[in-house]
Amino acid sequence: MPTPPRLAVIHTGGTIASRPSPDGRGLTPQQAPSVPGLDGVQVHDVQPFSLPSPHMTPAHMGQLAALIETLAPDHDGIVVTHGTDTLEETAFALHLTLNVPVPVVLTGSMRHAEEVSWDGPANLLDAAHVALHPSSRERGPLVVIGGDIFDARTVTKIHTTAVDAFGGYPGPIGRIDREGRTPRLHYFARPEPRATYRPAHLNARVEILYAYAGWTGEGYAEAEARADGLVIAALGTGNLPAELLPLIHATDKPVIIATRTHAGPVLPVYGYAGGGATLVGAGAIPASFLNAHKARLLLLILLGQGLTREQIRAVFERDEF
Ligand SMILES: NC(=O)C[C@H](N)C(=O)O
């Protein structure tokens, strides 16, 4: 008799585990869901904590990575259920730090168990099939929602309530559907090699500032003084009002320039005061195609690894993530 595939399901909370609280105070994580309709698979449920995902911290992400490393040798695939609000941050932190041979797939739900058409069971079943599929190996942690399979680097939450809440440029890297009970899985590209890091700690203080028309640097000095590094969600290809240029010039801490625009890379093309070319001339580091919150996690991990500002620049410049 062939041994059945072994799947670990790590439950961390989120709407997929939530129900309305009896006192009428709103949704809270209460009960981890079980994978429906998976015949012939040995499922091992683990619940290290149960949190709404806005309560997730880098420390929880580190705890999760350590747990996945412990479970990986005895399983063929690992699913992580997670709240959708910060799911992309946990997925990216795992992408940067995990080096395990088995697929790791994150999923969640947008509707809770007592709503009409709860999306939790279908997402969980899809995630389980993806995690146990041999073509999911060597791709780094994946996110599966609504049948779409996303890469941790590019996936982002794009809608506050829709069931298809995840997207990101250029979109899914694969698709899972079911023909009856048989999963049909397609990837649109081959796996790519990826850099991983072993930070000594995840305690660096990295803050995000959000640029807007008319910003003259309010909040910058305070953030710069207390943080080990900054990320700015800048404008367009990575430009800022002129007042920010001398402030950035004055620091030797890493300042990463991301963009508040939803797709595309940061490029140092503009030469007016505060234009991307002048910011890079003043020492700032373009975030490549990472959004501000993912650039923050990468910076936090690189600082935890003890990298200098110039080594950090090289990682962002070469897309070593
Ligand atoms: N759909 C969800 O899971 C949202 C919830 N607020 C969470 O992230 O925990």
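Residues numbered from 1 in each chain as written. Predicted model: local features only at pLDDT ≥ 70, side-chain atom pairs only at ≥ 80, totals over all residues. Heavy atoms only, no water.

- Per an unreviewed UniProt entry, the protein chain is named L-asparaginase, and its organism is Deinococcus seoulensis.

## Some details on the pairing of strand β12 (residues 182-187)
Then comes step 1: Bridge count between strand β11 (residues 174-179) and β12: 6 bridges; the pairing is antiparallel. Note on β12: the bridge partner recorded for Glu179 is Thr182.
Then comes step 2: Two successive antiparallel strands, β11 and β12, enclose a turn made up of 2 residues, where Gly180 displays a positive phi of approximately 65 degrees. (Pairing = 2+ DSSP bridges. Helix = DSSP H or I, 4+ residues; strand = E, 2+ residues; numbered from the N terminus.)

## Side note on the sheet that holds strand β14 (residues 229-234)
Then comes step 1: Taken together, the 4 strands give an open sheet; going across it, the order is β13-β14-β15-β16, and neighbouring strands pair in parallel fashion. The open sheet has two edge strands, β13 (206-210) and β16 (285-286), and neither has a second partner.
Then comes step 2: In terms of strand pairing, β14 meets strand β15 (residues 255-259) through 5 bridges, oriented parallel. Its bridge partner being in β15, Ile232 is matched across the sheet by Ile257.
Then comes step 3: Of the strands in this sheet, β13, β14 and β15 are in contact with helix α7 (residues 292-304), which crosses β14 at around 165 degrees. (Contact = heavy atoms within 4.5 Å. Axes fitted to C-alpha atoms, helices over the stretch in contact; angles between N-to-C directions.)

## Focus: the UniProt feature "domain: L-asparaginase N-terminal" (unreviewed entry) in the protein chain
Then comes step 1: Feature annotation in UniProt places "domain: L-asparaginase N-terminal" (unreviewed entry) on residues 6-177, given in this structure's numbering.
Then comes step 2: In this annotation, residues 6-177 is assigned 22% helix and 24% strand; the end-to-end C-alpha distance for the span is 21 Å. (UniProt positions renumbered as here; feature names shortened; annotations may be inferred.)

## Side note on the nonpolar core
Then comes step 1: Counting 31 residues, the largest nonpolar core has Val231, Ile256, Leu298, Leu302, Ile312 and Phe316 as the members making the most contacts within it.
Then comes step 2: Broken down by secondary-structure element, the contributors of at least two residues to this core are α2 (87-97), β14, β15, α7 and α8 (309-317).
Then comes step 3: Ranked by residues supplied to this core, first place goes to α7 with 9 residues.
Then comes step 4: In terms of domain composition, this core takes at least three residues from each of domain 1 (6-187) and domain 2 (206-317).
Then comes step 5: Once residues lying within four places of it in the same chain are set aside, the contact partners of Leu302 are Tyr197, Leu307, Ile312, Val315 and Phe316.
Then comes step 6: Counting residues in hydrophobic clusters, the runner-up holds 27 residues, among them Ala91, Met110, Val143 and Ala152. (Core = buried A, V, L, I, M, F, W, Y, C linked by side-chain atoms within 4.5 Å. Buried < 20%, exposed > 50% of the residue type's maximum accessible area, 1.4 Å probe, protein only. Domains from an automatic or database assignment.)

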